[in-house]
Amino acid sequence: MKYCGEQGCKSLISSGRYCADHKRKKKEKVVYSKNQPFYRTQAWQDLRSFVYERDKGCCQRCGKFIFGKQAHAHHIVPVQIKPSLKLDVDNIMMLCNKCHPIVEEETMEKYFPRKKKFNWKL
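For every chain, the first residue of its written sequence is number 1, and the numbers climb from 1 along that sequence. Only residues with pLDDT of at least 70 are given local features in this predicted model, and only at 80 or more are side-chain atom pairs given and counted; all residues enter the totals for whole chains, interfaces and linings. Each side-chain value is derived from all of the structure's non-hydrogen atoms; neither hydrogens nor water enter the calculation.

Which parts of the structure should I look at to understand the overall build of the protein?
Numbering of helices and strands runs from the N terminus, with a helix taken as a DSSP run of H or I at least four residues long and a strand as a DSSP run of E at least two residues long. Within the protein, the secondary structure is distributed over two helices and four strands. The order of α-helices and β-strands along the protein, N terminus first, is β-β-α-β-β-α. Radius of gyration here uses only the C-alpha atoms, and the compact-globule reference equals 2.2 Å multiplied by the residue count raised to the power 0.38. Taken over C-alpha atoms, the radius of gyration comes to 21 Å for the protein, far larger than the 14 Å a tight globule of 122 residues would show. Along the longest, intermediate and shortest principal axes, the C-alpha atoms of the protein span 55 × 45 × 30 Å. Taken over 122 residues, the protein has a buried fraction of 25%. Working rule for contacts: check all heavy atoms of both residues, and any pair within 4.5 Å makes them a contact. Considering only intrachain contacts with a sequence separation of at least 6, the fraction spanning at least 24 residues in the protein is 50%. Note on classification: 1.4 Å probe, protein chains only; a residue is buried when its accessible area is under 20% of the maximum for its type, exposed when over 50%, partly exposed between these limits.

Below you can see the structure in the form of structure tokens.
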């Protein structure tokens, strides 16, 4: 028996690192799972390189120079909506690792709008 790994928690556990109250949740997959093998193809790698050169290695949202793993290729129209555009040069833009989640959220909101929550503060 050992104590839970959460600071200040005095619950005893027999296995793992955290008790049931502090167990970590799994993160959702960001990449559309059906397209995972697509991102490993040579056609995608070539297209990504071309778009990087076309955009001169700059983020299209903030204008910062990006290199290596910080350079993210973003589909303007998601592959889920139009699979025929997944290798279209005009459908891809380069973003930095900080702007990509912001633009991704805007894209998802545009194509998959969420139901509005009720405002309890009237």
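What am I meant to see in the pattern of salt bridges here?
Once the charged atoms of two side chains with opposite charge are near each other, the side chains can pair. Take a side-chain nitrogen of Lys or Arg and a carboxyl oxygen of Asp or Glu: if they are within 4 Å of each other, that pair is a salt bridge. Counting across every chain of the model gives one salt bridge. Here Arg54 and Asp55 are joined by a salt bridge, their closest N and O atoms 3.1 Å apart. Here Arg54 falls in the partly exposed class, since its relative accessible area comes to 33%.

Help me out: how do you make sense of the environment of His74 in this one?
Counting through the fold element by element, His74 comes out in strand S3 (residues 72-75). We classify His74 as buried; its relative accessible area is 2%. Remark: the alpha-carbon pair of His74 and Met94, spanning 20 residues in sequence, is separated by 6.2 Å. The residues contacting His74, other than those within four sequence positions of it, are Asn91, Ile92, Met93, Leu95, His100, Val103, Glu104 and Thr107. At 3.4 Å, the side chain of His74 and the side chain of His100 are in polar contact. Definition of a polar contact: a pair of N or O atoms within 3.5 Å, with one able to donate and the other able to accept a hydrogen when the atoms are protein atoms, and with sequence-neighbouring residues admitted only if both atoms are side-chain atoms.

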